[in-house]
Amino acid sequence: MKFFVDTAEIEPIRELAATGLLDGVTTNPSLIAKSGRDFMEVTREICGIVDGPVSAEVVALDHETMMKEAEILRKIAENVCIKVPLTVDGLKTCKALTGEGTMVNVTLCFSANQALLAAKAGASFISPFVGRHDDNGFDGMDLIEDIRLIYDNYNFATEILVASVRHTTHVLQAAKIGADVMTAPPKVIHDLFKHVLTDKGIEGFMADWAKTGQSIL
Ligand code: G3P
């Protein structure tokens, strides 16, 4: 499963990129607002840090203006992936852009039927929001299972990008189902490293090593 980080903050992206585990980045208008940075400038900077897809979202709601915005965004770098909402105009834009060889991430997906539409429109990625699904009394992971089944039934190439990930259990469940990608805030990715027995084990080894009085260097 590929790991994307869901943030527009540069330092956490650099830190995670240095682990070699980072396959891409996702941003959205809320994350850009939170960063306080200029959209074009911060997107260019992120594209220079990671080689994989960097999602940059259009903010227009009509197809024609989405295309104009995408035209500007895709010139930022070769690894820009244009993010469009799951609407009629968003999917028209998806079809047009992927037809021209531009990566597209279709966002704000909350049903398997929506995911089917996005795949038919040639989306590179579909982003079902599992956390927001859970928040509203549904099981976000049921949605991922349904999309996996449908995409496998028809051999769709669209990658399932599990988004709105809130905790490490979401990551585990997504991997068990066979999602292609998950995008999570930096904290959730850092939490994946943690285990109380790892910490305890290191503590024990360090204490015993100190008793030997030796040093490797
Ligand atoms: O990738 C989508 C994500 O940014 C939404 O997450 O936590 O605002 O639902 P959240």
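This text gives an overview of the structure that appears in the document. Since we're looking at a predicted model, the values are computed, not measured.

## What to know about the overall build of the protein chain
A count of helices and strands for the protein chain gives 11 helices and eight strands. Considering the protein chain as a whole, with its 217 residues, one finds that 47% of them fall into the buried category. When contacts within the protein chain are restricted to residue pairs at least 6 apart in sequence, long-range pairs at least 24 apart make up 57% of them. Roughly 11400 Å² of accessible area belongs to the protein chain as shown, and the carbon and sulfur atoms make up 56% of that amount. Both charge centroids of the protein chain, one from 20 positive and one from 30 negative side chains, sit 0 Å from each other.

## Topic: the packing of aromatic side chains
In this description, a pair of aromatic rings is defined by centroid distance and the angle of the planes. As enumerated under the stated definition, the model contains four aromatic pairs in all. Note on phenylalanine 110 and phenylalanine 129: the rings are 5.7 Å apart at their centroids and 65 degrees apart in plane angle, and the pair reads as edge-to-face. In this pair, phenylalanine 110 sits in the loop between strand S5 (104-109) and helix H6 (112-120) while phenylalanine 129 sits in the loop between strand S6 (125-128) and helix H7 (130-135), placing the two residues 19 residues apart along the sequence. Between tyrosine 154 and phenylalanine 156 the ring centres are 6.1 Å apart and the planes differ by 45 degrees, which places this aromatic pair in the tilted class.

## Examining the pairing of strand S4 (residues 80-85)
For S4, the buried fraction is high: six of the six residues fall into the buried class. On S4, burial covers both faces: Val80, Ile82 and Val84 on one face and Cys81, Lys83 and Pro85 on the other are all buried. In the sheet, strand S3 (residues 54-57) pairs with S4 via four bridges, with the strands oriented parallel. From the neighbouring strand, glutamate 57 faces S4, where its bridge partner is lysine 83. Handedness of the crossover is the feature at issue here: the chain leaves S3, passes through helix H4 (residues 63-73), returns alongside S4, and the resulting connection is right-handed. Sheet analysis places S4 next to S5, joined by four bridges and oriented parallel. Looking at S5, one finds that isoleucine 82 is bridged to valine 104. Once you follow S4 into helix H5 (residues 88-99) and on to S5, the crossover reads as right-handed.

## Here's the deal with the packing of H4 against H5
Across the interface, H4 lies against H5 with an axial gap of 9 Å and an inter-helix angle of 45 degrees. When the interaxial angle is binned, H4 and H5 end up oblique. As for how H4 packs across H5, the hand of that crossing is right-handed. Residues His63, Met66, Met67 and Ala70 of H4 form the contact with H5, whose participating residues are Asp89, Gly90, Lys92, Thr93, Ala96 and Leu97.

## Describing a nonpolar patch on the surface
A surface patch of nonpolar side chains, amounting to about 260 Å² of accessible area, comprises Leu21, Leu192 and Phe193. Tracing the chain through its elements places phenylalanine 193 in the loop between helix H10 (186-191) and helix H11 (196-212).

## Observations regarding H11
For H11, which comprises 17 residues, the first-to-last C-alpha distance of 25 Å matches the rise-based estimate of 24 Å (1.5 Å per residue) to within 8%. Positive phi appears at glycine 213, one or two residues downstream of H11, with a value of about 70 degrees.

## With respect to the site of the ligand
As a structural note, the neighbourhood of the ligand is formed by Asp6, Asn28, Phe129, Arg132, Ala163, Ser164, Arg166 and Thr183. Between an oxygen atom of the ligand and a side-chain N or O atom of aspartate 6, the distance comes to 2.5 Å. The contact in question runs from an oxygen atom of the ligand to an N or O atom on the side chain of asparagine 28, over 2.9 Å. Here the ligand loses 81% of its free accessible area of 310 Å² to cover by the protein chains.

## Digging into unusual backbone geometry
One non-glycine residue, leucine 108, lies in the positive phi region at around 60 degrees. Along the chain, the position of leucine 108 falls in strand S5. Phi is positive for asparagine 155, close to 55 degrees, though the residue is something other than glycine. By secondary structure assignment, the location of asparagine 155 is in the loop between helix H8 (140-154) and strand S7 (159-162).

The rules behind each value
Residues numbered from 1 in each chain as written. Predicted model: local features only at pLDDT ≥ 70, side-chain atom pairs only at ≥ 80, totals over all residues. Heavy atoms only, no water. Helix = DSSP H or I, 4+ residues; strand = E, 2+ residues; numbered from the N terminus. Buried < 20%, exposed > 50% of the residue type's maximum accessible area, 1.4 Å probe, protein only. Contact = heavy atoms within 4.5 Å. Areas by Shrake-Rupley, 256 points an atom, 1.4 Å probe, with all protein chains shown as cover. Lys, Arg positive; Asp, Glu negative; His and termini not counted. Charge placed at Lys NZ, Arg CZ, Asp CG, Glu CD. Phe/Tyr/Trp six-rings, centres within 6.5 Å; stacked < 30°, edge-to-face > 60°. Pairing = 2+ DSSP bridges. Right-handed = clockwise from strand over helix to strand, strands pointing away. Axes fitted to C-alpha atoms, helices over the stretch in contact; angles between N-to-C directions. Parallel < 35°, antiparallel > 145°, perpendicular 65-115°, else oblique. Left-handed = near helix turned anticlockwise from the far one by under 90°. Patch = residues over 30% accessible without salt bridge, like charges linked within 9 Å, V, L, I, M, F, W, Y side chains within 5 Å. Salt bridge = Lys/Arg side-chain N within 4 Å of Asp/Glu carboxyl O. Expected span 1.5 Å × (residues − 1). Near = heavy atom within 4 Å. Polar contact = N/O pair within 3.5 Å; in protein donor to acceptor, adjacent residues only side chain to side chain.

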